[in-house]
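What follows is the residue order along each chain.
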Amino acid sequence: MAIVLGENRYGKAETRLVRVSREGETHTLADFNVSVALSGDLAATHLTGDNSGVLPTDTMKNTVYAFAKEHGVGEPEEFALRLAHHFVDTQTQIRAARVGIESYAWEQLGPHSFQRRGDSTRTVEVTVTVEQSQVVSGISGLVLLNSTNSEFHGFPRDQYTTLPETTDRILATAVDARWRHLHDDGDWAKSYAGVVDALLKAFVSTHSLSLQQTLYAMGSQVLTDRSEIAEIRLALPNKHHYLVDLSPFDLTNDNEVFIAGDRPYGLIEGTVTRDDVPPAITEWYP
């Protein structure tokens, strides 16, 4: 039996960056959480402790801050691409760089006043190799709820099934979506806003017989509206709402009073893709 070194990478995780642009009287704010991972010819450090090819992770952190000053940040896709290309272009032993960014939104209250928005988080994962690049954008924690137009019935039953069928239920979820771009350039802000708009439009307009049906409708709407997107992957937890039994109080409950369940919860995952797009250069997940 031979023991060999398998796939490996290393990097600096969760470098917190806040960049204030002070051009003019009205400031703008970017709030990023940046993670960098490098892979390539790194066998020596694992096998013998030879660090001649290991760029310090502290240097990666410093590069994030220096690039924010020298180049600004712009859209998170733009900043991630700039960082990833830098590491691949300047470190000959590195074959691929992966840069992930969580972008936290702030609402402008005045020329230099802001309020943190907590409704969702914008995400980016960029992978750059010596041959090609891949951009995956996303959103997490997008909490949505339909108070009706949701059903669930016709499912198989066995001796352990207690769930009643329903033709009118609350459908609630916290969307985690990632979508792969066909190219590594474009209007990133417009694309992100367009994808989120498509997700919302499909959620609102779909009379759902299952959360799986809603997932496919949301993904299909994105690919219909946004030609720059190759595929989209969604993870939709089913945030259950249970009807409260008010009969002990001689009260009826006409689908009005619910307990918002915490856990366990159903988790629906799926990919919606075009059948004529090139494959991803590296695996990615919602």
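- The name given to the protein in an unreviewed UniProt entry is Uricase, and the organism recorded there is Paractinoplanes bogorensis.
- UniProt annotates the protein under Pathway (unreviewed entry) with the comment "Purine metabolism; urate degradation; (S)-allantoin from urate: step 1/3."

## Quick look at the overall build of the protein
Here's step 1: Check the secondary structure of the protein and you find 5 helices and 12 strands.
Here's step 2: Judged by the C-alpha coordinates and their principal axes, the protein covers about 75 × 65 × 40 Å.
Here's step 3: Residues classed as buried in the protein amount to 41% of the 286 residues present.
Here's step 4: Within the protein, residue pairs in contact and separated by at least 24 positions form 65% of the contacts whose partners lie at least 6 positions apart.
Here's step 5: Of the roughly 16100 Å² of accessible surface on the protein, 50% is carried by carbon and sulfur atoms.

## Looking at helix α2 (residues 57-71)
Here's step 1: When the terminal C-alpha atoms of α2 are compared, their 21 Å separation across 15 residues agrees well with the 21 Å that a helix rising 1.5 Å per residue should span.
Here's step 2: Among the residues of α2, those classed as buried are Met60, Thr63, Val64, Phe67 and Ala68. In a view along the axis of α2, the buried residues occupy a sector of 130°, so they form one face of it. Those residues of α2 that are exposed and angled more than 90 degrees off the buried face are Lys69 and Glu70.
Here's step 3: Taken together, the buried residues of α2 touch β1 (10-21), β2 (28-40) and α3 (76-90).
Here's step 4: Backbone geometry just after α2 places Gly72 at a positive phi near 75°.

## Re α3
Here's step 1: Over its 15 residues, α3 extends 21 Å from the first C-alpha to the last, a length consistent with the 21 Å expected when each residue adds 1.5 Å.
Here's step 2: Residues of α3 that are buried include every one of Pro76, Glu77, Phe79, Ala80, Leu81, Leu83, Ala84, Phe87 and Val88, and no others.

## Quick notes on the nonpolar core
Note on soluble globular proteins: their nonpolar side chains tend to be buried together.
Here's step 1: In terms of nonpolar packing, the biggest core is built from 30 residues, with Val34, Leu38 and Phe79 touching the most fellow members.
Here's step 2: Breaking this core down by element, the ones donating at least two residues are β1, β2, α2, α3, β3 (94-103) and β6 (121-129).
Here's step 3: Filtering out sequence-adjacent residues up to four positions away, Leu38 remains in contact with Arg9, Tyr10, Leu55, Met60, Phe87, Ile94, Ala96 and Ala97.
Here's step 4: By size, the runner-up hydrophobic cluster in this structure holds 25 residues, among which are Ala198, Leu223, Leu236 and Ile268.

## Section: the environment of Trp106
Here's step 1: Looking at the element boundaries, Trp106 is found in strand β4 (residues 106-110).
Here's step 2: When its relative accessible area of 32% is taken as the criterion, Trp106 is described as partly exposed.
Here's step 3: Through-space distance from the C-alpha of Trp106 to that of Arg116 is 4.4 Å; in sequence the pair is 10 residues apart.
Here's step 4: When near neighbours in sequence (up to four residues on either side) are disregarded, Trp106 contacts Leu29, Asp31, Phe114, Gln115, Arg116 and Arg117.
Here's step 5: At 3.0 Å, the side chain of Trp106 forms a polar contact with the side chain of Asp31.

## A short note on the packing of aromatic side chains
Here's step 1: Inspection of every chain in the model, using the stated rule, returns 3 aromatic pairs.
Here's step 2: Across from the ring centre of Tyr192, 4.4 Å away, lies the NZ or CZ of Arg122, which sits over that ring.
Here's step 3: Between the NZ or CZ atom of Lys239 and the centre of the ring of Tyr265, over which it lies, the distance is 5.2 Å.

## Topic: the pairing of β2
Here's step 1: Taken together, the 10 bridges between β1 and β2 define a ladder with antiparallel strand orientation. Within the sheet, the bridge partner assigned to Val20 lies in β2 and is Leu29.
Here's step 2: The antiparallel pairing of β1 with β2 creates a hairpin that spans 6 residues between the two strands, and Gly24 there sits at a positive phi of about 80°.
Here's step 3: By the bridge criterion, 9 bridges tie β2 to β3 in an arrangement that is antiparallel. Bridged to Phe32 within β3 is Ser103.

Definitions and limits used
- Residues numbered from 1 in each chain as written.
- Predicted model: local features only at pLDDT ≥ 70, side-chain atom pairs only at ≥ 80, totals over all residues.
- Heavy atoms only, no water.
- UniProt positions renumbered as here; feature names shortened; annotations may be inferred.
- Helix = DSSP H or I, 4+ residues; strand = E, 2+ residues; numbered from the N terminus.
- Buried < 20%, exposed > 50% of the residue type's maximum accessible area, 1.4 Å probe, protein only.
- Contact = heavy atoms within 4.5 Å.
- Areas by Shrake-Rupley, 256 points an atom, 1.4 Å probe, with all protein chains shown as cover.
- Expected span 1.5 Å × (residues − 1).
- Arc of directions from axis to C-beta.
- Core = buried A, V, L, I, M, F, W, Y, C linked by side-chain atoms within 4.5 Å.
- Polar contact = N/O pair within 3.5 Å; in protein donor to acceptor, adjacent residues only side chain to side chain.
- Phe/Tyr/Trp six-rings, centres within 6.5 Å; stacked < 30°, edge-to-face > 60°.
- Lys NZ or Arg CZ within 6 Å of the ring centre and 35° of its normal.
- Pairing = 2+ DSSP bridges.

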